[in-house]
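Geometric and topological summary
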Amino acid sequence: LLAISGVALVVSIFDLLPFDAAWVAIVLCGIPIVLEALIGLITAFDIKADVLVSLALIAAVLIGEDFAAGEVAFIMQLGALLEDVTVARARAGIEKLVHLTPQTARLLLPDGENIVPAGQVRVGDRLRVLPGESIPVDGVITSGQTSINQAVMTGESLPVDKTVGDEVSSGTVNQYGAFEMRATKVGEDSSIQRMIRLVQSADAGKARIVSLADRWATWIVVTALTAAAGTWIVTGEVLRAVTILVVFCPCALVLATPTAIMAAIGNATPHGVLVKEGDALERLARVRVVAFDKTGTLTNESILLEYYMDVLGNESAEALDLAFLNSFYHSGVRNPIDNALLACQTMPGREAHFGELLAQYRKTDEIPFDYARKVVSTLVTAADGSSKLILKGDVAHVVARCGTVAYRGQVLPMEEDTAQSVSAVVSEMLQDGMKVIAVAQKEMGTADHITSADEQNLTLVGYLAFFDAPKKTARASIAALKRLKVTPKVLPGDQ
């Protein structure tokens, strides 16, 4: 209808029809404005800018200025359309959250398992979640242990270990083992639905500059009517009086501000900034502290290997080689640390070395990672038939399984001062924001099978430190904020 009105105004300029085509714009765009003004006055005595617009429209029509009336109506409706488009564009990103909502659940019944829509799950129902599946509702694990990818909630790339009694949230992803859970919050009460509602109901509305005309409408209307009446009385020319009413119409404000806001929101979107509505954009100018998530925001989703060291902090190629073999051969779901170790194959000058390492050893057996152990073991066998167990994982859990340490070609007893040295070096790296794992080994003769009992009296070889690589744009963005006197803060989900 707005497009038809615009065409009609163009036709009116060239006087191509036997009647004034501007009446099309008056009817299609003007009548809704007049009706809305009347309804507001009658039901709530609410004087807004549309009251002044309606007076100008009616006055222009009464004195035969049909084109002026149609033009005012068209501009006002165009501004309203731009405002609607702005809101629609800003809210489009919210729909992405809806797609995170799990659609089905594995409901455990006395006679077996039944797949049902997630919306049918009730508080107290028992559910099973398999590896790779999204958790359908909030709940508590009643059986099993696993690691959960909680990136949708916390942004953290590494999965979080969970076992019996731990809470799990809807929308997060089960990484490793199958488990059973009891539903505690379902439907609209679940975490993912609460997050969606928070975004949808965030305090936002028209930008204050857009509603400026409405907030001052009463005074504007009184002033305009007084000026118009005074001009008519003094000059005796009704055209001059109507001109004052038309000029008082906030067309420029109504048209220009939604256009500017829409352009600003549109420019922010490609940079990953979702602005819900114009009011939020306007309030952004008063922000003095900005809080960032870390992983995926200031840093990349992947992590990079920083150090590979022996127990006293000296560079150790042996620790790297063992950790690489462990990650390459274990069959579980690979996490970002595994991916960082496998990326060592492309280290400049060492491509051939890792190729030879894989050619030298083959996988014989493994004990996969689980929550209680916090380590993963791989048994590899060399060409001469000799086997070794390689264990990597959480530093404390690896050290607890070690009776000796490797240092500069020697194997020394794991004494108390050695363990304290390990703890001191690891603590320093953790303070620097590193993610640290330890690696150990054990000669297994000609064994072709391992059990958890074999994960004792190992030799601690060293540890590896990883860090979240900052995005190339992060430094410039933080510097720009500081130039604006805005203080950046980081709220990470890991440390």
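Just above sits the structure.
For clarity, every value in this text was computed on a predicted model and none was experimentally measured.

1. A look at the overall build of the chain
- Helix and strand counts for the chain stand at 18 helices and 19 strands.
- Among the 495 residues that make up the chain, the fraction classed as buried is 42%.
- As presented, the chain carries roughly 25,600 Å² of accessible surface, and 60% of it is formed by carbon and sulfur atoms.

2. Topic: the pairing of strand S13 (residues 375-382)
- The element S13 is extensively covered by neighbouring structure, given that eight of its eight residues are classed as buried.
- The alternating pattern of S13 places Val 375, Ser 377, Leu 379 and Thr 381 and Val 376, Thr 378, Val 380 and Ala 382 on opposite faces, both of which are buried.
- Inspection of the sheet shows S13 paired to strand S14 (residues 387-393) by seven bridges, in the antiparallel sense. Its bridge partner lying in S14, Ser 377 is registered against Leu 391.

3. Comments concerning the sheet that holds strand S3 (residues 126-129)
- Read from one edge to the other, the open sheet built from six strands follows the order S2-S1-S3-S9-S4-S7, with strand pairing classed as antiparallel. Looking at strand neighbours, the two that pair on one side only are strand S2 (112-117) and strand S7 (167-168), the edges of this open sheet.
- Two strands pair when backbone bridges link them, and strand S4 (residues 138-143) and S7 are joined in this way by two bridges, in the antiparallel orientation. Among the inter-strand pairings, Val 140 is bridged to a residue of S7, identified as Glu 167.

4. Details of the packing of helix H1 (residues 2-14) against helix H2 (residues 22-44)
- H2 packs onto H1 with a crossing angle of 155 degrees between their chain directions and a minimal axis gap of 7 Å. It follows from the interaxial angle that H1 and H2 lie roughly antiparallel. Here H1 runs over H2; the crossing is left-handed. Within the contact between the two elements, H1 uses Leu 2, Ile 4, Ser 5, Ala 8, Leu 9 and Ser 12 and H2 uses Ala 22, Val 24, Ala 25, Leu 28 and Cys 29.
- Residues belonging to the contact of H1 with H2 are distributed by class as follows: nine nonpolar, two polar and no charged.

5. Overview of the sheet that holds strand S8 (residues 173-174)
- Within the open sheet, the three strands sit side by side as S6-S5-S8. Their pairing is antiparallel. Edge positions in the open sheet fall to strand S6 (160-162) and S8, since each of these has one partner strand only.
- In the sheet, strand S5 (residues 146-149) pairs with S6 via three bridges, with the strands oriented antiparallel. Pairing of Thr 146 across the sheet is with Lys 162, part of S6.

6. A word on the environment of Asp 161
- By the secondary structure assignment, Asp 161 is in strand S6.
- Between the C-alpha atom of Asp 161 and that of Asn 149, which follows or precedes it by twelve residues, the distance is 9.1 Å.
- A polar contact is formed between the side chain of Asp 161 and the side chain of Ser 147, at a distance of 2.6 Å.

7. Overview of the side chain of Asn 174
- Along the chain, Asn 174 falls in strand S8.
- According to the relative accessible area criterion, Asn 174 is buried, its value standing at 0%.
- Filtering out sequence-adjacent residues up to four positions away, Asn 174 remains in contact with Val 129, Leu 130, Pro 131, Gly 132, Glu 133, Thr 146, Ser 147, Ile 148 and Phe 179.

8. Considerations on helix H15 (residues 351-360)
- Taken residue by residue, H15 has Phe 354, Leu 357 and Leu 358 as its buried positions. Buried residues along H15 cover an arc of 95 degrees about the axis, so they all sit on one side. In this structure, H15 carries Ala 352, Glu 356 and Ala 359 as exposed residues pointing more than 90 degrees from its buried face.
- Elements in contact with the buried residues of H15: helix H13 (317-329) and strand S12 (361-367).

9. Regarding the packing of H13 against H15
- Viewed as axis vectors pointing N to C, H13 and H15 meet at an angle of 60 degrees, and their least axial separation amounts to 11 Å. Taken together, H13 and H15 sit at an angle that is classed as oblique. Both H13 and H15 take part in a crossing whose hand is right-handed. From H13, Leu 320, Asp 321, Phe 324, Leu 325, Phe 328 and Tyr 329 reach across to H15, where they touch His 353, Phe 354, Leu 357 and Leu 358.
- Class assignment of the residues belonging to the contact of H13 with H15 gives a composition of eight nonpolar, one polar and one charged.

10. Quick look at the environment of Ile 437
- Positionally, Ile 437 belongs in strand S17 (residues 435-443).
- Separated by 25 residues in sequence, Ile 437 and Gly 462 place their C-alpha atoms 8.8 Å apart.
- The contact partners of Ile 437, leaving out residues within four places of it in the chain, are Ile 337, Lys 392, Gly 393, Val 395, Tyr 463, Leu 464 and Phe 466.

11. Examining unusual backbone geometry
- With a phi close to 55 degrees, Asn 457 is a non-glycine residue in the positive phi region.
- Locating Asn 457 in the fold gives a position in the loop between S17 and strand S18 (458-470).
- The phi dihedral of Lys 485 is positive, around 65 degrees, even though this residue is not glycine.

Rules used throughout
- Residues numbered from 1 in each chain as written.
- Predicted model: local features only at pLDDT ≥ 70, side-chain atom pairs only at ≥ 80, totals over all residues.
- Heavy atoms only, no water.
- Helix = DSSP H or I, 4+ residues; strand = E, 2+ residues; numbered from the N terminus.
- Buried < 20%, exposed > 50% of the residue type's maximum accessible area, 1.4 Å probe, protein only.
- Areas by Shrake-Rupley, 256 points an atom, 1.4 Å probe, with all protein chains shown as cover.
- Pairing = 2+ DSSP bridges.
- Axes fitted to C-alpha atoms, helices over the stretch in contact; angles between N-to-C directions.
- Parallel < 35°, antiparallel > 145°, perpendicular 65-115°, else oblique.
- Left-handed = near helix turned anticlockwise from the far one by under 90°.
- Contact = heavy atoms within 4.5 Å.
- Nonpolar A, V, L, I, M, F, W, Y, C, P; charged D, E, K, R; others polar.
- Polar contact = N/O pair within 3.5 Å; in protein donor to acceptor, adjacent residues only side chain to side chain.
- Arc of directions from axis to C-beta.

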